[in-house]
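Residue-level structural notes
Here's the letter readout for the chains.
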Amino acid sequence: MKFPIVILPAIVACATANCFAQPIAEPAARTAAPVSVSGPASTTPSAEPEASSDGGHWRFLFSPYSYHYSRSDEHRPVWMIGGERQRADSYVLGAVYFSNSFGQDSAYAYVGQRFRKFSAYDQLFAQWTAGIMYGYKGEYADKVPFNHGGFSPGAVLTLGWQFTPRYAAQVNVLGNSALMFQLGVDLP
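Here's a quick rundown of the structure.

**Describing the packing of aromatic side chains**
- Applying the stated criterion across every chain, the model contains seven aromatic pairs.
- With a centroid separation of 5.1 Å and an interplanar angle of 25 degrees, the aromatic rings of Tyr-108 and Tyr-110 are classed as stacked. The exposure classification of Tyr-108 matches that of Tyr-110, with both residues buried.
- A network of ring pairs unites the aromatic residues Phe-102, Tyr-136 and Tyr-140 as a single cluster.
- When the ring centre of Phe-125 is taken as reference, the NZ or CZ atom of Arg-114 above it lies at 3.9 Å.

**Things to note about a nonpolar patch on the surface**
- A cluster of nonpolar side chains, Trp-58, Phe-60, Phe-62, Trp-79, Ile-81, Tyr-97, Leu-183 and Leu-187, forms an exposed patch at the surface whose accessible area comes to about 730 Å².
- At the level of elements, β1 (56–68) and β2 (79–87) are the ones that each hand at least two residues to the nonpolar patch.
- For the nonpolar patch, the leading source of residues is β1, giving three residues.
- Locating Trp-58 in the fold gives a position in strand β1.

Definitions and limits used
- All residue numbers refer to positions counted from 1 along the written sequence of the respective chain.
- Note on the predicted model: pLDDT of at least 70 is required for a residue's local features to be given, and 80 or more for side-chain atom pairs to be given and counted; whole-chain, interface and lining totals, by contrast, use all residues.
- With hydrogens and water excluded, all non-hydrogen atoms of the structure serve as input to the side-chain values.
- Between 30 and 60 degrees the pair is tilted, below 30 it is stacked and above 60 it is edge-to-face, where a pair is any two Phe, Tyr or Trp rings, Trp via its six-membered ring, whose centres lie within 6.5 Å.
- Only protein chains enter the accessibility calculation, which uses a 1.4 Å probe; a residue is then buried when its area is under 20% of its type maximum, exposed when over 50%, and partly exposed in between.
- In this analysis the charged atom, NZ for Lys or CZ for Arg, is taken to sit over a ring once it is within 6 Å of the ring centre and within 35 degrees of the ring normal.
- Nonpolar side chains (Val, Leu, Ile, Met, Phe, Trp, Tyr) within 5 Å and like charges within 9 Å form the patches, drawn only from residues with over 30% relative accessible area and no salt bridge.
- Only the protein chains shown count as cover for residues, and all accessible areas are computed by the Shrake-Rupley method using a 1.4 Å probe.
- Salt bridges, as used here, are contacts in which a Lys or Arg side-chain nitrogen is within 4 Å of a carboxyl oxygen on Asp or Glu.
- Segments assigned H or I by DSSP are reported as helices when at least four residues long, segments assigned E as strands when at least two residues long, and all are numbered from the N terminus.

See the structure below:
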């Protein structure tokens, strides 16, 4: 039995609806004055938002290279270009256009979350994304799971380093097939 592709967008939409819902404001009587605490910075995992005057910002993404775990004569150079919206609450929404491992034009639309300040190094970050991928067609349709008419679910885990407030580099884990090396530029 094949997994009906029409259900995938509904599953992604329902699973991510809460992350894009507007927060409910607390009544004024229940809010407390800020408390100042001195001491060492916490290194507990946090999805702390990045500071921005409007609560979020856009990010330009580019990948010039991906490393495949196994070599194949069918593999072609993989590159990627895209953008994502980093929200103040640490969630991201984005889309990328890429050439897949078999030279086919492909796309990935996703939602996810970026985590910062989970280690002693404030520049280190982690991110997850999940969404819908399009592009593995024809003889390569079976190269990704649950593919139907070129559409399939996708998920990417990331570990990165924020070099400056604007520039970052990251490594994306592409399932059990490759690592994608990516550069990101945060736009004002």
